[in-house]
Amino acid sequence: MVDSRKFAPDSPAFASLTAALAQSLASLPAREPVAVALSGGADSSAMALIAAHLCKTHSRPVYLFHIHHGLYDQADDWQQRVETFSKLIDVPLVVKRVQVHTDSGKGIEAAARLARYQAFVEMASECGVKTLLLAHHRQDQAETVLFRLLRGAGVQGLTAMRDRTEREGLVYLRPWLDIDRDDLLALVADFSLHTGWLPVADPSNTDPQFARGALRKDILPAIQAHWPAWKQTLVRHARQASEAVQIMDEVAASDLAQLDLDSQDHSFSLQLWRLLSEPRQSLVLRFWLQQHGVAMPGDRKLADLIRQLRQLHQLGTDRDLLWHHDPYVVRCHKGRVRLESSSR
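The structure reproduced in this document is the subject of the present report. Please read all numbers here as calculations on a predicted model, not as lab measurements.

## What to know about the overall build of the protein
Part 1 of the argument: Helix and strand counts for the protein stand at eleven helices and ten strands.
Part 2 of the argument: Within the protein, the fraction of its 344 residues that count as buried is 46%.
Part 3 of the argument: The contacts of the protein with a sequence gap of at least 6 include a subset with a gap of at least 24, amounting to 69%.
Part 4 of the argument: When the accessible surface of the protein is summed, it comes to about 17900 Å², and 50% of that surface belongs to carbon and sulfur atoms.
Part 5 of the argument: One finds the centroid of the 40 positive side-chain charges in the protein at a distance of 3 Å from the centroid of its 40 negative side-chain charges.

Right, dumping it as structure tokens:
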């Protein structure tokens, strides 16, 4: 067993990783438990090492959450690898097997991500954990920006990953979005040198049948060769996009407040909405849906809602509108636009 409080390599990488995580955890109540999402790869193993060191130093309970997807033949071996790792650093491990529905029409990546999120919520509930630590780093952030650019994401999408998000009551922290992956790899290499333990090598990371794998295998090497500062550039772009989105949200919130917003059913006036410029009509609709936790519809579907709202009589007296976006519907009745559950 390796005492994670004593495993503290004298290196700038260890210091920067520890400082970033400490800053992220500073907002949490003292001794509130946290967990690390541990795949067994180098990145998540680095997060587990730093979290174990930091949490034990400050008497904060910490867990390791491992998801067994069963998508690869090596999945059982990976579970054994993380079990060995958890014993080496003396941190409790929680494993959950999930069923990935590959026939859902969402694609393997999206289906696995959905199953993973659902499993994390269940594991967190079982352990009394409210915060999950993710090891995403600068390269992950840059890849996300590039990937979303290629998929035609708008300004909101180009903000990429945020350092703090919340989903179904579970908070996800990403303390290392501005830290280079080389620091993580150096830390894990040093741990391997001390213990002989090696991280998992997930083939999906470079498997071209997956979108991100294709990006890493076929596209990024060429970008790296010609634009070696691409990661820093795209991360800076994401930061600037985030600032722009904050301004847009402030404008949208101000506009929405002027639409005779009902504090009970959160409906707004169609007539007042029609007085806005077309770009601000779109902006306030996106903001209104986002405030209600609605998954953002694609451009085509949102454009259909906007078109229908613009074609209605501004008092909504000619006909009622019913726009479906499961599990919600947007209705317009007697000049009021409201969001309802489709099960009502």
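## Examining the sheet that holds strand E10 (residues 336-341)
Part 1 of the argument: One open sheet holds the four strands; their spatial order is E7-E10-E9-E8, and the pairing between them is antiparallel. Of all strands in the sheet, those with a lone pairing partner are strand E7 (268-269) and strand E8 (321-325), marking the two edges.
Part 2 of the argument: Where helix H11 (residues 299-311) meets the sheet, its contacts fall on E8, strand E9 (328-333) and E10, and the angle it forms with E8 comes to roughly 170 degrees.

## Details of the nonpolar core
Part 1 of the argument: Counting residues in each nonpolar core, the largest one holds 36 residues, and the members touching the most others are Leu-21, Leu-25, Phe-85, Ile-89, Leu-133 and Trp-176.
Part 2 of the argument: Residue assignment for this core shows that the elements contributing at least two residues are helix H1 (12-25), strand E1 (34-37), helix H2 (42-57), strand E2 (62-68), helix H3 (75-89), strand E6 (170-173) and helix H6 (181-195).
Part 3 of the argument: In terms of residue count, H2 provides more of this core than any other element does, nine residues in total.
Part 4 of the argument: In this structure Leu-133 touches Leu-21, Leu-25, Val-34, Ala-35, Val-36, Ala-37, Met-47, Ala-51 and Leu-173, once residues within four positions along its chain are discounted.
Part 5 of the argument: Grouped together as the second largest cluster of nonpolar side chains are 25 residues, Leu-259, Leu-312, Leu-321 and Cys-332 included.

## Overview of the sheet that holds strand E5 (residues 164-167)
Pairing between the strands of a sheet is mediated by backbone hydrogen bonds and can be parallel or antiparallel.
Part 1 of the argument: Read across the open sheet, the six strands follow the order E3-E2-E1-E4-E6-E5; overall the sheet is mixed. At either margin of the open sheet sits one strand with a lone partner, and together these are strand E3 (93-97) and E5. On average, each strand axis in the sheet is inclined to that of its neighbour by 30 degrees, with strand direction left out of account.
Part 2 of the argument: Sheet strands in contact with H2 are E1, E2 and strand E4 (131-133), and its direction is about 160 degrees off that of E1.
Part 3 of the argument: Against the sheet, helix H4 (residues 108-127) engages E1, E2, E3, E4, E5 and E6, with an angle of about 145 degrees to E2.

## As for the pattern of salt bridges
Part 1 of the argument: Within the structure shown, the criterion is met by 19 salt bridges.
Part 2 of the argument: Arg-212 serves as the salt-bridge partner of Glu-143, at 3.4 Å between the closest nitrogen and oxygen. Separated by 69 residues along the polypeptide, Glu-143 in helix H5 (residues 138-150) and Arg-212 in helix H7 (residues 211-226) bring together distant segments of the chain.
Part 3 of the argument: For Arg-212, a relative accessible area of 23% gives the class partly exposed.

## Thoughts on the packing of H1 against H2
Part 1 of the argument: At a closest axis distance of 10 Å, the pairing of H1 and H2 adopts a crossing angle of 65 degrees. Here H1 is positioned roughly perpendicular relative to H2, judged by the angle of their axes. Crossing of H1 against H2: the hand is right-handed. Between H1 and H2, the contacting residues are Phe-14, Leu-17, Thr-18, Leu-21, Ala-22 and Leu-25 on the first element and Met-47, Ile-50, Ala-51, His-53, Leu-54 and Cys-55 on the second.

## Let's talk about the environment of Leu-71
Part 1 of the argument: Along the chain, Leu-71 turns up in the loop between E2 and H3.
Part 2 of the argument: In this structure the C-alpha to C-alpha distance between Leu-71 and Gln-99, which are 28 residues apart in sequence, comes to 9.1 Å.
Part 3 of the argument: Dropping the residues within four chain positions of it, Leu-71 is found in contact with Val-100, Ile-108 and Ala-112.

## Side note on the state of the cysteines
Part 1 of the argument: According to the stated counting rule, one finds zero disulfides in the structure shown.
Part 2 of the argument: Cys-127 supplies the cysteine sulfur nearest to Cys-55, a cysteine that is in no disulfide, at a spacing of 14 Å.

## Some points on H3
Part 1 of the argument: The end-to-end C-alpha distance of H3, which contains 15 residues, comes to 21 Å, matching closely the 21 Å that a straight helix rising 1.5 Å per residue would cover.
Part 2 of the argument: Residues of H3 that are buried: Ala-75, Trp-78, Gln-79, Val-82, Phe-85, Ser-86, Leu-88 and Ile-89.
Part 3 of the argument: Phi for Asp-90, located one or two positions after H3, is positive at around 60 degrees.

So, how was this worked out
Residues numbered from 1 in each chain as written. Predicted model: local features only at pLDDT ≥ 70, side-chain atom pairs only at ≥ 80, totals over all residues. Heavy atoms only, no water. Helix = DSSP H or I, 4+ residues; strand = E, 2+ residues; numbered from the N terminus. Buried < 20%, exposed > 50% of the residue type's maximum accessible area, 1.4 Å probe, protein only. Contact = heavy atoms within 4.5 Å. Areas by Shrake-Rupley, 256 points an atom, 1.4 Å probe, with all protein chains shown as cover. Lys, Arg positive; Asp, Glu negative; His and termini not counted. Charge placed at Lys NZ, Arg CZ, Asp CG, Glu CD. Pairing = 2+ DSSP bridges. Axes fitted to C-alpha atoms, helices over the stretch in contact; angles between N-to-C directions. Core = buried A, V, L, I, M, F, W, Y, C linked by side-chain atoms within 4.5 Å. Salt bridge = Lys/Arg side-chain N within 4 Å of Asp/Glu carboxyl O. Parallel < 35°, antiparallel > 145°, perpendicular 65-115°, else oblique. Left-handed = near helix turned anticlockwise from the far one by under 90°. Disulfide = S-S within 2.5 Å. Expected span 1.5 Å × (residues − 1).

All we've got here are geometric facts, nothing functional implied.
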